[in-house]
Amino acid sequence: MTMPKRTAAIIVAAGRGLRAGAGGPKQYRSIGGKTVLARAMEPFCTHPGISAVQPVRNPDDADIFDQAVCHLAYRPPVDGGATRQASVRAGLEALASQAPEIVLIHDAARAFVTADVISRAIDAALLTGAAIPVVPVTDTIKVVDAAGAVEATPDRALLRIAQTPQAFHFQTILDAHRRAAREGRDDFTDDAAIAEWAGLTVATFEGDAANMKLTTPEDFAREEARLGAMLGDIRTGTGYDVHALTDGDHLMLCGVRVPFNRGFLAHSDGDVGLHALVDAILGALADGDIGSHFPPSDPKWKGAASDQFLKHAVELVHRRGGRIAHLEVTMICEAPKIGPLREAMRARIAEITGLPQSRIAVKATTSERLGFTGRQEGIAATAAATIRLPWDDIGAANGGSNQP
Ligand code: MG
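Thresholds, definitions, all that
Residues numbered from 1 in each chain as written. Predicted model: local features only at pLDDT ≥ 70, side-chain atom pairs only at ≥ 80, totals over all residues. Heavy atoms only, no water. Helix = DSSP H or I, 4+ residues; strand = E, 2+ residues; numbered from the N terminus. Rg over C-alpha atoms; globule rule 2.2 N^0.38 Å. Contact = heavy atoms within 4.5 Å. Areas by Shrake-Rupley, 256 points an atom, 1.4 Å probe, with all protein chains shown as cover. Lys, Arg positive; Asp, Glu negative; His and termini not counted. Charge placed at Lys NZ, Arg CZ, Asp CG, Glu CD. Donors = N, O, S within 2.8 Å, 3.2 Å for Na, K, Ca; no water. Buried < 20%, exposed > 50% of the residue type's maximum accessible area, 1.4 Å probe, protein only. Phe/Tyr/Trp six-rings, centres within 6.5 Å; stacked < 30°, edge-to-face > 60°. Lys NZ or Arg CZ within 6 Å of the ring centre and 35° of its normal. Core = buried A, V, L, I, M, F, W, Y, C linked by side-chain atoms within 4.5 Å. pLDDT = per-residue confidence, 0-100. Salt bridge = Lys/Arg side-chain N within 4 Å of Asp/Glu carboxyl O. Axes fitted to C-alpha atoms, helices over the stretch in contact; angles between N-to-C directions. Parallel < 35°, antiparallel > 145°, perpendicular 65-115°, else oblique. Left-handed = near helix turned anticlockwise from the far one by under 90°. Nonpolar A, V, L, I, M, F, W, Y, C, P; charged D, E, K, R; others polar. Pairing = 2+ DSSP bridges.

Quick word on the overall build of the chain
Here is step 1: Regarding its fold elements, the chain presents 13 helices and 19 strands.
Here is step 2: Here the C-alpha atoms of the chain give a radius of gyration of 27 Å, more than 25% beyond the 22 Å that 2.2 N^0.38 yields for 404 residues.
Here is step 3: Projected onto its principal axes, the C-alpha coordinates of the chain cover approximately 85 × 50 × 45 Å.
Here is step 4: Expressed as a percentage of contacts within the chain between residues at least 6 apart in sequence, the contacts between residues at least 24 apart total 71%.
Here is step 5: Per element, the accessible surface of the chain, about 19,000 Å² overall, is 52% carbon and sulfur.
Here is step 6: Between the mean site of the 42 positive side-chain charges and the mean site of the 48 negative ones, the chain shows a separation of 1 Å.

Next up, the structure:
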């Protein structure tokens, strides 16, 4: 790939996406455990050929926008306009002072764009000045009249489906957008159409069938199922923890503060339930244990609230592209009684992990007054975690083979 002086990318995320059904703007909906917007933006933010990423968002979405992509590096978002065209122009104007050589314009609803498509877009724009990714049409297309009767059957060999990112010499497409705005033309549905209207020749390059636009509830359901099938590396980990009881007036159990006539003797808050869960998740990841991630010798963790340990373990699963399918914890103690606390504990673990409560089990048993738990010298907990990782994870561990 040739490196231009500067290549910017505009991510158009200002639409309302109402055809995707209930649940707010579609670019903020989660698919495969990650928002559509994060999926669409990440390949640009991490591409070595892209020097600046300029998002355009709806001003009403400021909070959810930040939440979705706070882990990425990008220029301060600008507010979109009433139409897609106006939003793109806002992005172009925001980049004007930077004067990039090339600009790629990408719709946030195309969540599955790859680095290869981005590289091809940069190359094509350098070569031609204006180029769009296309894929062949496999269905026969009909032109119909207002009543729905077929008027014509265009030659399929001459038809292509246009995708994004569409790529242009920056100044050329900025000029075309400004002229269209001046002349009151605001009805273009993509940037290639504006370039065509401005008299430019628009070249095409190879798109990617997977780089489809998420539009309808069916699109979301199909892609969710596809991503779910990719997470076929299913793993189970177990955890076990004990803390001694000492003087005190409360216990932290599964993230819930429980008034009690004793307290935990521990470096952290002594929450055995959350500690066992953390070890179960780390075990499923084959990534050390709670002691190696949060050494008791580190003063940073003295008196620490254990919810941060669990949040970190969940984050490790997400970083590997995985998801947690199920968590369960069993508390082993004579007192306090866990039954009345069960739903509060499930709700708290759901809050910490972001999992639905239906994927979290909290159980309890006594040890029939036997042993240290029976004598109420300490409280123990066991846990199990089931997680799903992409097969690639195993492939990497096996030296590149994609199969277990
Ligand atoms: Mg512990």
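Focus on the coordination of the magnesium ion
Here is step 1: Distances from the magnesium ion to its protein donors, Asp-241 (OD), His-243 (NE2) and His-275 (ND1), fall at 2.2 to 2.3 Å.
Here is step 2: In primary-sequence terms, the residues that donate to the magnesium ion follow D-x1-H-x31-H. Linking Asp-241 in strand 13 (residues 233-246) with His-275 in helix 8 (residues 272-285), this pair joins segments that are 34 residues apart in sequence. For the pair Asp-241 and His-275, one class covers both residues: buried.

Overview of the packing of aromatic side chains
Here is step 1: Going through the model one piece at a time under the given rule, you end up with five aromatic pairs.
Here is step 2: Relative to Trp-301, the ring of Phe-294 lies with its centre 4.9 Å away and its plane at 90 degrees, an arrangement referred to as edge-to-face. Summarising the burial analysis for this pair, Phe-294 and Trp-301 share the class buried.
Here is step 3: Taken together, a centroid distance of 4.3 Å and an interplanar angle of 35 degrees make the contact between Phe-294 and Phe-309 tilted. Of the two residues, Phe-294 is situated in the loop between helix 9 (290-293) and helix 10 (307-319) and Phe-309 in helix 10; the sequence distance between them amounts to 15 residues.
Here is step 4: With a relative accessible area of 3%, Phe-309 lands in the buried category.
Here is step 5: One aromatic cluster in this structure is built from Phe-294, Trp-301 and Phe-309.
Here is step 6: When the ring centre of Phe-220 is taken as origin, the NZ or CZ atom of Arg-29, which lies over that ring, is 4.4 Å away.

Let's talk about the environment of Ala-361
Here is step 1: Considering the arrangement of structural elements, one finds Ala-361 in strand 18 (residues 360-365).
Here is step 2: With 16 residues separating them in the primary sequence, Ala-361 and Met-345 have C-alpha atoms 9.2 Å apart.
Here is step 3: Ignoring any residue separated from it by four or fewer positions in sequence, one finds Ala-361 in contact with His-326, Leu-327, Glu-328 and Val-329.

Observations regarding the nonpolar core
Here is step 1: Counting residues in hydrophobic clusters, the biggest one holds 48 residues, and the most contacted among them are Leu-253, Ile-281, Val-329, Met-331 and Ile-349.
Here is step 2: Looking at this core, the elements that each hand over two or more residues are strand 14 (250-253), strand 15 (256-259), helix 8, helix 10, strand 17 (323-332), helix 11 (342-353), strand 18 and strand 19 (378-389).
Here is step 3: The element best represented in this core is helix 8, accounting for 10 residues.
Here is step 4: Excluding anything up to four places from it in sequence, Val-329 contacts Cys-254, Gly-273, Leu-277, Ile-349, Ala-361, Val-362, Lys-363, Ala-381, Thr-382 and Ala-383.
Here is step 5: Ile-102, Ala-121, Ala-125 and Ala-167 belong to the second-largest nonpolar core, a separate cluster that totals 27 residues.

Points about the environment of Pro-43
Here is step 1: Along the chain, Pro-43 turns up in helix 1 (residues 36-45).
Here is step 2: With 110 residues separating them along the chain, Pro-43 and Thr-153 place their C-alpha atoms 38 Å apart.
Here is step 3: If sequence neighbours within four positions are ignored, Pro-43 has contacts with Val-113 and Ile-118.

Some words on unusual backbone geometry
Here is step 1: Residue Pro-165 follows Thr-164 across a cis peptide bond; omega there is 10 degrees.
Here is step 2: Position of Pro-165 relative to the elements: it lies in the loop between strand 10 (160-162) and strand 11 (166-169).
Here is step 3: Geometrically, the link from Ala-335 to Pro-336 is a cis peptide bond, its omega value of 0 degrees lying close to zero.
Here is step 4: Inspection of the secondary structure puts Pro-336 in the loop between strand 17 and helix 11.

Some thoughts on the confidence of the model for the chain
Here is step 1: Mean pLDDT over the chain stands at 92; residues scoring 70 or higher make up 95%.
Here is step 2: Across residues 393-404 the pLDDT falls below 50, and counting only partners more than four positions away or on other chains, this stretch makes 15 contacts in the model.

Here's the deal with helix 1
Here is step 1: The buried fraction of helix 1 is high, at nine of 10 residues.
Here is step 2: Those residues of helix 1 not exposed but buried are Val-36, Leu-37, Ala-38, Arg-39, Ala-40, Met-41, Glu-42, Pro-43 and Phe-44.

Focus: the pattern of salt bridges
Here is step 1: Scanning the model with the defined rule gives 19 salt bridges in all.
Here is step 2: The partner of Asp-107 in a salt bridge is Arg-84, with the nearest N and O atoms 2.9 Å apart. In this pair, Asp-107 is assigned in strand 6 (residues 102-107) and Arg-84 in helix 3 (residues 84-95), connecting sequence segments 23 residues apart.
Here is step 3: Residue Asp-107 is classed as buried on the basis of its relative accessible area of 10%.
Here is step 4: One salt-bridge network, in which partners are shared between bridges, spans Asp-219, Arg-222, Glu-223 and Arg-226.

Points about the packing of helix 8 against helix 10
Here is step 1: The interhelical angle for the contact between helix 8 and helix 10, taken along N-to-C directions, is 15 degrees, at an axis separation of 9 Å. For the element pair helix 8 / helix 10, the angle class is roughly parallel. For the crossing formed where helix 8 meets helix 10, the hand is left-handed. For the pair formed by helix 8 and helix 10, the contact residues are Leu-274, His-275, Leu-277, Val-278, Ile-281, Leu-282 and Leu-285 on the first element and Asp-307, Phe-309, Leu-310, Ala-313, Val-314, Leu-316 and Val-317 on the second.
Here is step 2: A per-class count over the contact of helix 8 with helix 10 returns 12 nonpolar, one polar and one charged.

Quick notes on the pairing of strand 7 (residues 130-136)
It is a general feature of regular strands that their side chains alternate between the two faces of the sheet.
Here is step 1: Within strand 7, six of the seven residues are buried, which leaves the element mostly enclosed by the surrounding structure.
Here is step 2: Bridge count between strand 7 and strand 11: two bridges; the pairing is antiparallel. By the bridge assignment for strand 11, Ala-131 is matched with Ala-167.
Here is step 3: Relative to strand 12 (residues 203-206), strand 7 is paired through four bridges, and the arrangement is parallel. Bridging from a neighbouring strand, Pro-133 pairs with Phe-205 of strand 12.
Here is step 4: In the sheet, strand 7 pairs with strand 10 via three bridges, with the strands oriented antiparallel. Note on strand 10: the bridge partner recorded for Val-135 is Ile-161.

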